[in-house]
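Notes for the structure review
So the chains spell out like this:
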Amino acid sequence: MSGNEPRWTQTWLGGLRSAGVDLGYPGERLGLPQDGSGSIARWGRRIGALVIDWMICTWAIAQLLLGLNPAEAPWAPVLIFALQYLILVAFIGQTFGHRLMGIRVAAMDGGDPRLLPVVVRTVLLCLAVPALIFDRDHRGVHDRVSNTMVVRM
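The following refers to the structure shown. Everything numeric here is computed off the predicted structure, so don't read it as measured data.

A separate point is the pairing of strand 1 (residues 103-107). A regular strand places its side chains on the two faces of the sheet in alternate fashion. Of all five residues in strand 1, four are buried, a share of seventy percent or more. When strand 1 meets strand 2 (residues 148-152), the two strands line up antiparallel, connected through five bridges. The residue bridging isoleucine 103 from the neighbouring strand is arginine 152, located in strand 2.

Right, here's the structure in full:
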């Protein structure tokens, strides 16, 4: 083994990037810029938007507006989240959390997503697991199945 070759544990534990393989930046394969408007949204912004939306659905709408206790009706916040996500992304391309974090959901051609892909994306997002499986372009299973991406505004 020469000094230039990575150890086998580097490719297994740390992935290809740690072994010195250049995969490019997230979104490069999609023809998107590396930074700025139109680039792939990073995890911090996406998680921040999800937390904001979840707090709005759980606290503001379920508890304050509807008077539901999420401990007694655990389905209520998920149903409210799905409904607000479906309506807002289908009609304006972003939720309140997305807007505050400066991101939006876009179709692969860069335009607004259509209704059916938003429905599929919403269902998969509510299942949570598809959102946790993602590729090197930061697109989860819900993004890939619905042919969408989350980009910076």
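This brings us to the packing of helix 3 (residues 43-65) against helix 4 (residues 75-92). Contact geometry for helix 3 and helix 4: axes closest at 9 Å, N-to-C directions at 120°. As far as their axial angle goes, helix 4 and helix 3 are oblique. As for how helix 3 packs across helix 4, the hand of that crossing is right-handed. Of the residues in helix 4, those touching helix 3 at Leu50, Asp53, Trp54, Cys57, Thr58, Ile61 and Ala62 are Pro77, Val78, Ile80, Phe81 and Gln84. For the contact of helix 3 with helix 4, the class distribution of residues is nine nonpolar, two polar and one charged.

The rules we used
- Residues numbered from 1 in each chain as written.
- Predicted model: local features only at pLDDT ≥ 70, side-chain atom pairs only at ≥ 80, totals over all residues.
- Heavy atoms only, no water.
- Buried < 20%, exposed > 50% of the residue type's maximum accessible area, 1.4 Å probe, protein only.
- Helix = DSSP H or I, 4+ residues; strand = E, 2+ residues; numbered from the N terminus.
- Pairing = 2+ DSSP bridges.
- Axes fitted to C-alpha atoms, helices over the stretch in contact; angles between N-to-C directions.
- Parallel < 35°, antiparallel > 145°, perpendicular 65-115°, else oblique.
- Left-handed = near helix turned anticlockwise from the far one by under 90°.
- Contact = heavy atoms within 4.5 Å.
- Nonpolar A, V, L, I, M, F, W, Y, C, P; charged D, E, K, R; others polar.

Everything listed here is a matter of coordinates, which is why it stays silent on function.
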